[in-house]
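Survey of secondary and tertiary structure
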Amino acid sequence: MLPSLHESLDADDKELESSEEGGGGGGNAEDRKPEQPPSSHFCLYAYHGSRSPTQHGDGDDGSPGSLILETPPAADFSLSLLDTNLPSEVEPELRGAISKRLSKGAVFEGLGNVTSVELSLPDSRVGCYYCLFQQDKPLLERTTAESVPGPSEYIACFLGGSEKGLELFRLELDKYIQGLKTNVDSEEGSVEACTKSYLSNWFEEVVCPIQRVVNLFQEKLTFLLHAALSYTPVEVQESDEKTKRDIIGFLSVASLQGLIHEGTMTSLCMAMTEEPHKSVVIGCSGPQPQFSNAGSNRFCEDWMQAFLNAAEGGNPFLFRQILENFKLKAIQDTNNLKRFIRQAEMNHYALFKCYLFLKNCGSGDILLKIVKVEHEEMPEAKNVILALEEFVKEEAAAQTS
């Protein structure tokens, strides 16, 4: 394994590993349903109180600024419990902690926050995601004196793992809260039953998919990592909806979308889509997925092994941290190659350094495609890249002969 891989895994992963107590059983590759850990809880509160919108300044383009719903002082709002799977003696502790946080300042409707709370649970200090949102249709029927017409306001709380572990999933949890409205609006039966089921499944639907994908693919995970890194189109065939959703979600999180220049990513997507017979096909009709047109490299094989090693501990938060480290290392390698290419435009020795870097990094095939797309309109860099491609082809031919 590359030394850089060890370095990128050590610090963050050990911290996560030690902070998650009972962080999710792995299950086996056959049923792919991780055991819900004892520390996974939810809580739903009705929010009562008037909040005044405050206009921020206009944007740079002259457009109106965003609205923030200002949370009133503690005396001007209250939280009433609607549903939870927390022990009855613990819930008041959470309500007090959330009320204290809400009274400190502004809250963005629909944008969650992550913190740590001290509760009378076996693991004592746990990560807590909480989000204020509005809902036109009442989620759970409760008769209260504070009931008023119009959209109802709620606070949803999810507890599990550590603050750092939950922070890795904050954007996904925001989307999960947004999805509650869609699910409730489309529900034909009991809205209350739909709400309870949706909230209680947050850990299974948001945190565990990466773990399920690792358990399903095992050594074949290297093909999935390579497809995500190279932005190769993937087709999932003969799969149930849950597995297909897990695979697509894994590819989305594992890609470099948002980490490299948007124009480069768009051009790379177009280039990979236009190449004939380049789509990776995953067949899920049997007990193990089968790949067609799949690629791999040493970089992805090393990181695949890191995921399999993490699977032995069964900590679902750790998989996401490894995935973030995987992307970070890919970006670092891309930036290093760009730097070498700029030097090679004026220095032939730097061109040789480029070649050595590509040979040793383990992902030269993908990095060359990325920089080739980004430097398409730069003649000097284009010549360097053409020379590097020839080097790589000759090296590959020498290895196969």
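Described in the following lines is the structure provided in the data block. (Residues numbered from 1 in each chain as written. Predicted model: local features only at pLDDT ≥ 70, side-chain atom pairs only at ≥ 80, totals over all residues. Heavy atoms only, no water.)

**Some remarks on the overall build of the chain**
- Assigned secondary structure in the chain consists of 15 helices and 10 strands.
- Counting the 401 residues in the chain, one finds 47% classified as buried.
- Residue pairs in contact within the chain that sit at least 24 positions apart in sequence constitute 73% of those at least 6 positions apart.
- Surface summary for the chain: the accessible area is close to 19,600 Å², and the carbon and sulfur share equals 51%. (Helix = DSSP H or I, 4+ residues; strand = E, 2+ residues; numbered from the N terminus. Buried < 20%, exposed > 50% of the residue type's maximum accessible area, 1.4 Å probe, protein only. Contact = heavy atoms within 4.5 Å. Areas by Shrake-Rupley, 256 points an atom, 1.4 Å probe, with all protein chains shown as cover.)

**A closer look at the sheet that holds strand β4 (residues 77-84)**
- Strand order in this open sheet of 5 strands is β4-β1-β7-β6-β5, and the pairing throughout is antiparallel. Lying at the two open borders of the sheet, with one neighbouring strand each, are β4 and β5 (113-118). Across the sheet, the mean angle from the axis of one strand to that of its neighbour is 30°, orientation sign disregarded.
- Note: strand β6 (residues 125-135) against strand β7 (residues 152-159), 8 bridges, orientation antiparallel. Each residue of the ladder has a partner; that of Y129, found in β7, is F158.
- With respect to the sheet, helix α4 (residues 170-186) is in contact with β5, β6 and β7, its orientation differing from that of β6 by roughly 40°.
- Helix-sheet contacts for helix α5 (residues 191-200) involve β1 (41-49), β4 and β7, and the interaxial angle to β1 is about 125°. (Pairing = 2+ DSSP bridges. Axes fitted to C-alpha atoms, helices over the stretch in contact; angles between N-to-C directions.)

**Section: the environment of L102**
- Secondary-structure assignment places L102 in helix α2 (residues 91-102).
- L102 gets classed as buried once you look at its relative accessible area, which sits at 1%.
- Note: C-alpha distance between L102 and F77 (25 residues apart in sequence) is 9.3 Å.

**Some remarks on unusual backbone geometry**
- For Q218, which is not glycine, the phi torsion reads 50° and is therefore positive.
- In this structure, Q218 sits in the loop between α7 (209-217) and α8 (221-230).
- The partly exposed category is assigned to Q218, whose relative accessible area is 26%.
- Phi is positive for E238, which is not a glycine, with a value near 55°.
- Inspection of the secondary structure assignment puts E238 in the loop between β8 (234-237) and α9 (241-254).
- In this structure E238 comes out as exposed when scored by relative accessible area, which is 60%.

**What about α4?**
- Its 17 residues place the ends of α4 25 Å apart at the C-alpha level, agreeing with the 24 Å of an ideal helix rising 1.5 Å per residue.
- If you check which residues of α4 are buried, you get L173, D174, Y176, I177, G179, L180 and V184.
- The secondary structure elements touched by the buried residues of α4 are β6, β7, α3 (163-167), α5 and α6 (202-207). (Expected span 1.5 Å × (residues − 1).)

**Thoughts on the environment of L111**
- Within the secondary structure layout, L111 lies in the loop between α2 and β5.
- According to the relative accessible area criterion, L111 is partly exposed, its value standing at 43%.
- Sequence separation between L111 and Q178 is 67 residues; the distance between their C-alpha atoms is 9.5 Å.
- Those residues in contact with L111 that lie beyond four places of it in its chain are C131 and D174.

**Details of the packing of α4 against α5**
- The interhelical angle for the contact between α4 and α5, taken along N-to-C directions, is 155°, at an axis separation of 10 Å. Taken as axis vectors, α4 and α5 run roughly antiparallel relative to one another. The two elements α4 and α5 meet at a crossing, and its hand is right-handed. Between α4 and α5, the contacting residues are Y176, G179, L180, N183 and V184 on the first element and V191, C194, T195, Y198 and L199 on the second.
- Counted by class, the contact of α4 with α5 contains 7 nonpolar, 3 polar and no charged residues. (Parallel < 35°, antiparallel > 145°, perpendicular 65-115°, else oblique. Left-handed = near helix turned anticlockwise from the far one by under 90°. Nonpolar A, V, L, I, M, F, W, Y, C, P; charged D, E, K, R; others polar.)

**As for the sheet that holds strand β10 (residues 290-292)**
- If you trace the 3 strands from one edge of the open sheet to the other, you get β8-β9-β10, paired in mixed fashion. A strand with exactly one partner marks an edge of an open sheet, and here the two such strands are β8 and β10. Averaged over all neighbouring strand pairs, the angle between strand axes comes to 20°, with direction disregarded.
- Relative to β10, strand β9 (residues 280-283) is paired through 3 bridges, and the arrangement is antiparallel. Residue pairing for β10: G283 is matched across the bridge by Q290.

**Looking at the pairing of β6**
- Within β6, 9 of the 11 residues are buried, which leaves it mostly tucked inside the rest of the structure.
- Here β5 pairs with β6 via 6 bridges, running antiparallel. Paired with E118 across the strands is R125, a residue of β6.
- Hairpin geometry of β5 and β6 is characterised by an intervening segment of 6 residues between the two adjacent antiparallel strands and by a positive phi of about 60° at S124.

**Description of the packing of aromatic side chains**
- Under the criterion given, the structure shown has 17 aromatic pairs.
- When the centroid spacing of 5.0 Å and the interplanar angle of 40° are considered together, the rings of Y355 and F391 count as tilted. Taken as a pair, Y355 in helix α13 (residues 348-361) and F391 in helix α15 (residues 379-400) lie far apart in primary sequence, 36 residues in all.
- Here Y355 falls in the buried class, since its relative accessible area comes to 13%.
- The rings of Y129, F158, F169, Y176, Y198, W202, F203 and F317 are connected pair by pair, giving a single aromatic cluster. (Phe/Tyr/Trp six-rings, centres within 6.5 Å; stacked < 30°, edge-to-face > 60°.)

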